[in-house]
Amino acid sequence: MAAVSRKQRILFCSEATYLNTGYATYAREVMNQFYGTGKYELAEFASYGELTDPRASAIPWRFYPNSPDKNNPAELEQYHSRPTNQFGEWKFEQVLLDFQPDIVCDIRDFWMFDYQERSPFRRFFNWVIMPTVDAKPQNEQWLATYSNADAVFNYSSWGYNVLSKEGNGKINC
């Protein structure tokens, strides 16, 4: 019996694509391009995204809001217990278990996605990141994290050159 093939699943982690922020705009544009090919099953793990926001209903791919239910005191307490929860740390494993992505893509700053590297499910997905590189030298911790990503995309050739040089060839730019 042959294995059933399925479309590759890509989970994009960013700010809710219905927002008007730089990260949201970038994610929205990239996701729309991928969605338009029909080749992938997409999901969005949306920082600052709320399930009750009417703009969420217009999103054509699976939508995982990161914001807590304002009527659930336990969820609110958990969300506010750690600053990085606003970027998804508190719900990441739940989203992974539900969507089971082949690829996790994040286009944000280091401190917004470094928890993904520590996930107990890390070996089950390819991790693709696009960190902002707007200064040099880069922090050693950031470089170590970038070297553990399966691929690192760059906003500019300058950023590519910084990561290539400071990463000593260990970062897959």
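Just so you know, these numbers come straight off a predicted model, no measurement behind them.

Observations concerning the pairing of strand 2 (residues 40-47)
With respect to burial, strand 2 is a largely interior element, 6 of its 8 residues being buried. Note that the unit made of strand 1 (residues 8-15), helix 1 (residues 22-37) and strand 2 has a crossover that is right-handed. Inspection of the sheet shows strand 2 paired to strand 3 (residues 62-65) by 4 bridges, in the parallel sense. Along strand 3, the bridge assignment pairs Ala-43 with Arg-62.

Focus: the sheet that holds strand 1
Read across the sheet, 6 strands follow the order 3-2-1-4-5-6 without closing on themselves; strand pairing throughout is parallel. Both outer strands of the open sheet, strand 3 and strand 6 (151-152), are each paired with one neighbouring strand and no more. Summarising the sheet, strand 1 and strand 4 (residues 103-106) pair through 4 bridges and their orientation is parallel. Across the sheet, the residue bridging to Leu-11 is Val-104, located in strand 4.

Notes on the packing of aromatic side chains
Tallied over the full model, the rule gives 15 aromatic pairs. Judged by centre distance (6.4 Å) and plane angle (70°), the rings of Phe-110 and Phe-113 are edge-to-face. Here Phe-110 pairs with Phe-113, and both are found in helix 4 (residues 110-117), just 3 residues apart, close to one helical turn. Overall, Phe-113 belongs to the buried group, its relative accessible area being 0%. An angle of 50° between the planes, with centres 6.5 Å apart, marks the rings of Phe-113 and Tyr-146 as tilted. Of the two residues, Phe-113 is situated in helix 4 and Tyr-146 in helix 5 (residues 140-147); the sequence distance between them amounts to 33 residues. Between the NZ or CZ atom of Arg-9 and the centre of the ring of Phe-99, over which it lies, the distance is 5.7 Å.

Describing helix 3 (residues 92-99)
Residues of helix 3 that are buried: Phe-92, Val-95, Leu-96 and Phe-99. Buried residues of helix 3 fall within an arc of 100° about the axis and therefore sit on the same side. Set apart from the buried face of helix 3 by more than 90 degrees, the exposed residues are Gln-94 and Leu-97. Where helix 3 is buried, its residues contact strand 1, strand 2, strand 3, strand 4 and helix 4. Gln-100 lies just past helix 3 and shows a positive phi near 50°.

Brief notes about the state of the cysteines
Tallied over the entire structure, the rule returns 0 disulfides. Looking at the unpaired Cys-13, the closest cysteine sulfur is the one in Cys-105, lying at 8.2 Å. On the basis of relative accessible area, Cys-105 is assigned to the buried category, the value being 10%.

A few points about the environment of Thr-21
The topology assignment puts Thr-21 in the loop between strand 1 and helix 1. Overall, Thr-21 belongs to the partly exposed group, its relative accessible area being 28%.

Re the pattern of salt bridges
In this structure the tally under the stated criterion is 11 salt bridges. Linking Lys-70 and Glu-50 is a salt bridge whose minimum nitrogen-to-oxygen distance equals 2.6 Å. Residue Lys-70 is found in the loop between strand 3 and helix 2 (73-79), and its partner Glu-50 is found in the loop between strand 2 and strand 3; the two are separated by 20 residues along the sequence. The exposure class assigned to Lys-70 is exposed, which follows from its relative accessible area of 57%. Between Asp-150 and Arg-122 there is a salt bridge, with the nearest N and O atoms lying 2.9 Å from each other. Of the two residues, Asp-150 sits in the loop between helix 5 and strand 6 while Arg-122 sits in the loop between helix 4 and strand 5 (126-129), which places them 28 residues apart along the sequence. The buried category is assigned to Arg-122, whose relative accessible area is 15%.

Conventions adopted
- Residues numbered from 1 in each chain as written.
- Predicted model: local features only at pLDDT ≥ 70, side-chain atom pairs only at ≥ 80, totals over all residues.
- Heavy atoms only, no water.
- Buried < 20%, exposed > 50% of the residue type's maximum accessible area, 1.4 Å probe, protein only.
- Helix = DSSP H or I, 4+ residues; strand = E, 2+ residues; numbered from the N terminus.
- Right-handed = clockwise from strand over helix to strand, strands pointing away.
- Pairing = 2+ DSSP bridges.
- Phe/Tyr/Trp six-rings, centres within 6.5 Å; stacked < 30°, edge-to-face > 60°.
- Lys NZ or Arg CZ within 6 Å of the ring centre and 35° of its normal.
- Arc of directions from axis to C-beta.
- Contact = heavy atoms within 4.5 Å.
- Disulfide = S-S within 2.5 Å.
- Salt bridge = Lys/Arg side-chain N within 4 Å of Asp/Glu carboxyl O.

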